Amino acid sequence: MDIKIKKGCIEKQDVDGIILGMFEKEKWKSKSAITRLDNLLGGLIKDMVKSGEFKGKINEVVTLPTRGDIPARRVILVGLGKKNEFKLDSIRQVSGKSTNEARRIGLKRVAVLLTGDGIKGFSVNSMSRAYAEGALLSIYKFDRYKTEKDDTQDGIKELWLIDEYGRGLEEAKDGVKVGRIIAESANFARDLANQPANELPPVKLADAARRLARECGLASMIFDERKLKKLKMNALLGVAQGSDEPPRFIILEYNKGEKKKGTVVLAGKAITFDSGGISLKPSEKMEEMKYDKSGGSAIIGVMRAVALLRLPLHVIGLIPATENLPGGSALKPGDVLKSFSGKTIEIISTDAEGRLILADALSYADRFKPDAIIDIATLTGACVIALGHNATGILGNDEGLLALFKEAGERSGERVWELPLWKEYDEQIKSDIADVKNVGGRPAGTITGAAFLKKFLPDLAGGRKTPWAHLDIAGTAWKEKEGPYLSKGATGVGVRLLVQFLMDYADKG
Ligand code: BES
Ligand code: ZN
Ligand code: ZN
């Protein structure tokens, strides 16, 4: 789908369909686009509003025929909701909703009024970016295993964003460019996370990462089992030993060797399938555990975006990848591992495997002497219980980083909610026989997961730890229901959030 920016009046556009947003109880100005359009259509829109068939509620969609009154064959009215509740993510939502409707009814070229006399308070850049994101995220489909493709798949060929007075053409162009990079990177991550475990085991995930690196100019390095043994990445190897699929440790690096720029390490959990291991999970919904690679998939997507956006930072992606299966050599509850950091871990549950592989990744981050470390993982079912599906859990050791993430969450539409990480929680993961144990009991499961990870952060001078934030995406990485701009399945969560965070982090200098 091509997205173009044009100056002009929306009602005159030579396209198949026009998309027009309307607030609830909106008062029309006499010269505004909606009034002009309504006049041309002989009062059809006013009729719809009067009869209550269209109220302007957020994401409400009604399609009207134009029967030759204007060049476009259809007008899609889309509700923008209450004016005082309108936020940047509303743009993504109405964009996704109306793009889907246009596709459903087979429109090939559509125009939408981006800036006229309507929406105030957002820059043209952020609006066009959000609109592009919503549209491109909404047309994503995971249908590679369907031998009969849906025929609406060809979809919209051109989407025109109309800037009525032409005051923001350049800004809009830039917004669309950025929005496209971000949305396509999120879709890339969704594609990885959606892949079944037989199709995308760790070796293939590493291949995909390497291919991407080559395509967008990232440095890459992949550690195989031999290298992992040499390095003594025993926590990652411990999880891997229950499966016949060999593990990989994937490293992607952007702006390698650029010493002057801030260095950020991003680590993502990539369990290509989580059966729980010997602490076997119940079989119900176990098939969904292919998305336990969502954290690692997001990091690969983020690295793509970072490279294409040319962000002025030194960014490293670390992706430990393995299956978690209960094979004959599998890790057992009670086993003790000596991690890459040298710290010993008593295994209580083999199902708390994400923190094991991330422990090695976090300690390995020390090699890059990062200014900040961020990790992202489908780490705990407890996070789904605590926050449901509308917020990613965030915990960390640095107020500044957490504040940046909260802001980036609002802007990107991938919101985060903080849980406390007080030292009192460390009590729960004390082991009788090792330095730490991998489970802290039922209470505060998300927090004790993060408390475990914290132990593996690199030490800085003066006993301080590297500034760090942990994102638990167990509740946000997968959608069971269709949303306004995200379909069922993997959401690519973390890509939009982390890219926005990195943009802001770079800006802050
Ligand atoms: N991958 C799971 C967490 C998960 C659960 C993600 C549901 C998405 C949806 C993780 O490896 C896990 O099994 N965690 C355990 C930890 C427990 C044993 C401390 C959990 O949440 O039950
Ligand atoms: Zn698990
Ligand atoms: Zn897991």
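A short tour of the structure in this document, coming up. Quick caveat, the model's predicted, so the values are computed rather than measured. (Residues numbered from 1 in each chain as written. Chains lettered and ligands numbered in written order. Predicted model: local features only at pLDDT ≥ 70, side-chain atom pairs only at ≥ 80, totals over all residues. Heavy atoms only, no water.)

### Details of the overall build of the protein chain
Working step 1: When helices and strands are tallied, the protein chain shows 14 helices and 20 strands.
Working step 2: Taken against the 2.2 N^0.38 rule, which gives 23 Å for 509 residues, the C-alpha radius of gyration of the protein chain at 24 Å falls within 12% of a compact globule.
Working step 3: For the protein chain, the C-alpha atoms occupy an extent of roughly 80 × 50 × 40 Å along the three principal directions.
Working step 4: Going through the 509 residues of the protein chain one by one, you find that 59% of them count as buried.
Working step 5: Long-range contacts, defined as pairs at least 24 residues apart, comprise 78% of the intrachain contacts of the protein chain with a sequence gap of at least 6.
Working step 6: Accessible surface computed for the protein chain: about 21500 Å², of which carbon and sulfur atoms make up 49%. (Helix = DSSP H or I, 4+ residues; strand = E, 2+ residues; numbered from the N terminus. Rg over C-alpha atoms; globule rule 2.2 N^0.38 Å. Buried < 20%, exposed > 50% of the residue type's maximum accessible area, 1.4 Å probe, protein only. Contact = heavy atoms within 4.5 Å. Areas by Shrake-Rupley, 256 points an atom, 1.4 Å probe, with all protein chains shown as cover.)

### Some words on the layout of surface pockets
Working step 1: Size it by volume and the largest pocket reaches roughly 990 Å³.
Working step 2: Around the largest pocket, the lining comprises 34 residues; the ones closest to its centre are K281, D351, T380, G381 and A382.
Working step 3: When contributions to the lining of the largest pocket are tallied by element, the ones reaching two or more residues are α11 (381-387) and α13 (445-454).
Working step 4: In terms of residues, the lining of the largest pocket owes the most to one element, α11, which gives four residues.
Working step 5: When the residues that make up the lining of the largest pocket are grouped by side-chain class, the tally is 13 nonpolar, 10 polar and 11 charged. (1 Å grid on protein atoms, 1.4 Å probe; cavity = no way out; pocket = protein on both sides within 12 Å on 5 of 7 lines; lining within 4 Å. Points joined across faces, edges and corners; volume = space filled by probe spheres on them. Nonpolar A, V, L, I, M, F, W, Y, C, P; charged D, E, K, R; others polar.)

### Side note on the environment of I70
Working step 1: Of note, I70 is situated in the loop between β3 (61-65) and β4 (74-81).
Working step 2: Residues I70 and S90, spaced 20 residues apart in sequence, show a C-alpha to C-alpha distance of 28 Å.
Working step 3: Residues within four places of I70 in sequence aside, it is in contact with E11, I18, L37, L40, L41 and V75.

### Details of helix α12 (residues 399-412)
Working step 1: Compared with an ideal rise of 1.5 Å per residue, which puts 14 residues at 20 Å, α12 spans 20 Å between its outermost C-alpha atoms and is within 8% of the ideal.
Working step 2: Within α12 the residues assigned to the buried category are L401, L402, L404, F405, A408, G409 and S412. Down the axis of α12, the buried side of the element spans an arc of 160°, and every buried residue falls inside it.
Working step 3: As for α12, its buried residues are in contact with α3 (88-104), β14 (372-377), β15 (392-396), β16 (416-418), β18 (468-472) and α14 (495-508).
Working step 4: For α12, the N-terminal capping position is held by D398, with its side-chain oxygen 3.1 Å away from the main-chain nitrogen of G400. (Expected span 1.5 Å × (residues − 1). Arc of directions from axis to C-beta. Polar contact = N/O pair within 3.5 Å; in protein donor to acceptor, adjacent residues only side chain to side chain.)

### A word on the coordination of the zinc ion (ligand 2)
Four donors placed tetrahedrally about a metal ideally form angles of 109.5 degrees, and six donors placed octahedrally ideally form angles of 90 or 180 degrees.
Working step 1: All of the protein donors around the zinc ion (ligand 2) are D274 (OD), D351 (O), D351 (OD) and E353 (OE); their distances to the metal are 2.0 to 2.2 Å.
Working step 2: Classification of the site at the zinc ion (ligand 2) as irregular follows from its six donor atoms and the range of 71 to 168° in their angles at the metal.
Working step 3: For the zinc ion (ligand 2), the donor residues sit on a single chain with the sequence spacing D-x76-D-x1-E.
Working step 4: In this structure the zinc ion (ligand 3) is found 3.2 Å away from the zinc ion (ligand 2), and D274 serves as a bridging donor for the pair. Here D274 is found in strand β10 (residues 270-274), whereas its partner D351 is found in the loop between β13 (344-346) and α10 (354-364), with 77 residues between them in sequence.
Working step 5: Residue D274 is classed as buried on the basis of its relative accessible area, which comes to 3%.
Working step 6: On the basis of relative accessibility, which here comes to 22%, the residue D351 falls in the partly exposed class. (Donors = N, O, S within 2.8 Å, 3.2 Å for Na, K, Ca; no water. Tetrahedral: all angles 85-135°; square planar, octahedral: opposite > 155°, others 65-115°.)

### Description of the site of ligand 1
Working step 1: If you check the shell around ligand 1, you find 16 residues, and the closest are K281, D292, D351, E353 and G381.
Working step 2: At 2.9 Å from an oxygen atom of ligand 1 is found a side-chain nitrogen or oxygen belonging to D274.
Working step 3: Take D351: an N or O atom from its side chain is 2.8 Å from an oxygen atom of ligand 1.
Working step 4: For ligand 1, whose unbound accessible area comes to 520 Å², protein coverage reaches 78%.
Working step 5: A breakdown of the residues in the shell around ligand 1 according to their chemical character gives five nonpolar, four polar and seven charged. (Near = heavy atom within 4 Å.)

### A word on the pairing of β4
Consecutive side chains of a regular strand alternate in pointing toward one face of the sheet and then the other.
Working step 1: Across the eight residues of β4, seven count as buried, placing the element largely inside the fold.
Working step 2: With seven bridges joining them, strand β2 (residues 17-23) and β4 adopt parallel strand pairing. Bridging from a neighbouring strand, G17 pairs with R74 of β4.
Working step 3: As paired strands, β3 and β4 are joined by five bridges and run antiparallel to one another. Bridging from a neighbouring strand, V62 pairs with L77 of β4. (Pairing = 2+ DSSP bridges.)

### Some details on the coordination of the zinc ion (ligand 3)
Working step 1: Summarising the metal site, the zinc ion (ligand 3) is bound by the protein donors K269 (NZ), D274 (OD), D292 (OD) and E353 (OE), whose distances to it range over 2.0 to 2.4 Å.
Working step 2: Around the zinc ion (ligand 3), the six donor atoms are arranged such that angles at the metal cover 78 to 173°; this shape is classified as octahedral.
Working step 3: In the primary structure, the donors to the zinc ion (ligand 3) are separated according to the pattern K-x4-D-x17-D-x60-E.

### Side note on a positive patch on the surface
Working step 1: A cluster of basic residues, R226, K227, K230 and R367, forms a positive patch at the surface.
Working step 2: Structurally, R226 is set in helix α7 (residues 225-231). (Patch = residues over 30% accessible without salt bridge, like charges linked within 9 Å, V, L, I, M, F, W, Y side chains within 5 Å. Salt bridge = Lys/Arg side-chain N within 4 Å of Asp/Glu carboxyl O. Lys, Arg positive; Asp, Glu negative; His and termini not counted. Charge placed at Lys NZ, Arg CZ, Asp CG, Glu CD.)

### Focus on the sheet that holds strand β17 (residues 436-437)
Working step 1: Across the sheet, which stays open at both edges, the three strands sit in the order β12-β13-β17 with mixed pairing between neighbours. The strands lining the two open edges of the sheet, one partner per strand, are β12 (336-338) and β17.

### Points about the side chain of N324
Working step 1: Along the chain, the position of N324 falls in strand β11 (residues 314-324).
Working step 2: Contact partners of N324, with chain neighbours within four places excluded, come to V239, I271, F273, D274, S275, G276, G277, T350, D351 and E353.

Spatial relationships are all this shows, so hold off on functional conclusions.
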